[in-house]
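# Tertiary structure, described
Residues per chain, in single letters:
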Amino acid sequence: MNKDILNLLDFEKKDFDLLFKSAARFKQNALTGNIKKPLAGKTLGILFDKPSTRTRISFEAAMLQLGGQAIFINARDTQIARDEPVKDMARVLTRYIDGLVIRTFSQDLIKDFAEFSTIPIINALTDLYHPCQVLSDIMTIIEKKGGYKGIKIAWVGDGNNVANSWINAAAILGFKLSLACPKSYFPDKGILDRARKKSGSNIILVDDPAKAVQGADVIYTDVWASMGQEDEQKERLAVFKPFQVNKKLVRKAAADVIIMHCLPAHRGEEISEDVLEGHSSVIWDQSENKLHMAKAILTELIKH
Ligand code: CP
Ligand code: NVA
């Protein structure tokens, strides 16, 4: 496993499998009350420049439950907001804390942090990727479907940061990924090309949601306007309308399809209320698994 988690394309299959196993163990231990504190005495920084409910709180709770301490740092209250170079902040923080979880706009900023620090840097969402989200999502698919091999996942909506991380995961793990996005909102071409070059990758891109969900075991959607795209909300609403995950679309998938959404959700936009709250939705288990996966990630990267 590398020092950092910046992008799932840097992973090997064995890194994924190790984290899935470890997260499942943490989940089981929480149920049986078998609580271990492997990160006692360690300190985690959580540096965020965008809002968060799940990712921030699951990482904070994970660190505390593992026996360590977490410090939340609002990026706007630090000197990087006043143009202190990232390479300076990275070298300073390395001397204070044992790991740093970052949510920000630019993937390059995270890369710079990783280059100039010796502590693990964990990407908690950039404009380009959301790797930890997809790690806990695949953990949920393993729980619900018994594995990811041979599984067909349909992504319906924006070709955004979460979609990009699904593309990277599909490139390494080889499950079938069909993405349906409006043509002007297809995922980044460079990311797709790099993923498709990996052997075993099985990635299809269309602009027809019905095609993408045909025979799908999983339907996944996300907001139509991500954080930082609030100004585009109105024009996006019109273009994305035919991409709503609703009952009519779900009927075209496998009979035992599961519905996933990383949340926050906009009911009546990318997903209908009845599908989000319906019997095929695994969204709350999916959210819970962020906590167990955060424990696996922190233990793996910080303990060693
Ligand atoms: N899914 C997710 O990353 O949620 P938050 O934005 O609340 O962290
Ligand atoms: N694509 C969304 C994901 C939120 C967890 C965003 O970037 O806002």
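In the block above lies the structure referred to throughout.
This text gives an overview of the structure that appears in the document. On a predicted model such as this, the values are computed, not experimentally measured, just so you know.

We now examine the site of ligand 1. In the vicinity of ligand 1, the residues found are Ser-52, Thr-53, Arg-54, Thr-55, Arg-103, His-130, Gln-133, Cys-262, Leu-263 and Lys-290. A distance of 2.6 Å is found between an oxygen atom of ligand 1 and a side-chain nitrogen or oxygen belonging to Ser-52. A distance of 2.9 Å is found between an oxygen atom of ligand 1 and a side-chain nitrogen or oxygen belonging to His-130. When ligand 1 sits alone it has 260 Å² of accessible area, and the protein chains cover 95% of it.

A word on the pattern of salt bridges. One pass over the structure, following the stated rule, counts 19 salt bridges. Salt bridges sharing common partners tie together Glu-12, Lys-14 and Asp-15.

A separate point is the layout of surface pockets. As a volume, the largest pocket reaches approximately 380 Å³. Forming the boundary of the largest pocket are 24 residues, of which Arg-103, Val-223, Met-227, Leu-263 and Pro-264 lie nearest the centre. Secondary structure elements with two or more residues in the lining of the largest pocket: α2 (54-65) and α6 (161-173). Taken together, the residues that form the lining of the largest pocket break down as 9 nonpolar, 9 polar and 6 charged. Reported here for the second largest pocket is a volume of approximately 240 Å³. Counting residues per element, the ones that place at least two in the lining of the second largest pocket are α10 (247-250) and α11 (273-276). Tallied by class, the residues present in the lining of the second largest pocket amount to 7 nonpolar, 3 polar and 3 charged.

The subject of this paragraph is the packing of aromatic side chains. All told, the structure shown has 10 aromatic pairs when counted by the stated rule. Aromatic side chains Trp-166 and Phe-175 sit 5.8 Å apart centroid to centroid with 75° between the ring planes, which places their arrangement in the edge-to-face category. A ring pair is formed by Tyr-185 and Phe-240, whose centres lie 4.9 Å apart and whose planes are at 45°; its orientation type is tilted. Note that Tyr-185 is positioned in the loop between β6 (176-180) and α7 (189-197) and Phe-240 in helix α9 (residues 233-240), a separation of 55 residues in sequence. The pair Tyr-185 / Phe-240 is uniform in exposure class, with both members buried. Taken together, the aromatic side chains of Phe-11, Phe-16, Phe-20 and Tyr-148 make up a single cluster linked through ring pairs. The ring of Phe-72 carries the charged tip of Arg-56 above its face, separated from the ring centre by 3.5 Å.

Glancing now at the site of ligand 2. Surrounding ligand 2, one finds Leu-125, His-130, Asn-160, Asn-161, Asp-222, Val-223, Ser-226, Met-227 and Leu-263. Measuring from an oxygen atom of ligand 2, one finds a side-chain N or O atom of Asn-161 at 2.8 Å. A distance of 2.8 Å separates an oxygen atom of ligand 2 from a polar atom in the backbone of Met-227. Protein coverage of the free-state accessible area of ligand 2, which is 270 Å², stands at 95%. Here ligand 2 is seated within the largest pocket. In the shell around ligand 2, the residues fall into 4 nonpolar, 4 polar and 1 charged.

How each quantity is defined
- Residues numbered from 1 in each chain as written.
- Chains lettered and ligands numbered in written order.
- Predicted model: local features only at pLDDT ≥ 70, side-chain atom pairs only at ≥ 80, totals over all residues.
- Heavy atoms only, no water.
- Near = heavy atom within 4 Å.
- Polar contact = N/O pair within 3.5 Å; in protein donor to acceptor, adjacent residues only side chain to side chain.
- Areas by Shrake-Rupley, 256 points an atom, 1.4 Å probe, with all protein chains shown as cover.
- Salt bridge = Lys/Arg side-chain N within 4 Å of Asp/Glu carboxyl O.
- 1 Å grid on protein atoms, 1.4 Å probe; cavity = no way out; pocket = protein on both sides within 12 Å on 5 of 7 lines; lining within 4 Å.
- Points joined across faces, edges and corners; volume = space filled by probe spheres on them.
- Helix = DSSP H or I, 4+ residues; strand = E, 2+ residues; numbered from the N terminus.
- Nonpolar A, V, L, I, M, F, W, Y, C, P; charged D, E, K, R; others polar.
- Phe/Tyr/Trp six-rings, centres within 6.5 Å; stacked < 30°, edge-to-face > 60°.
- Buried < 20%, exposed > 50% of the residue type's maximum accessible area, 1.4 Å probe, protein only.
- Lys NZ or Arg CZ within 6 Å of the ring centre and 35° of its normal.
- Sits in = over half its atoms within 2 Å of the grid points.

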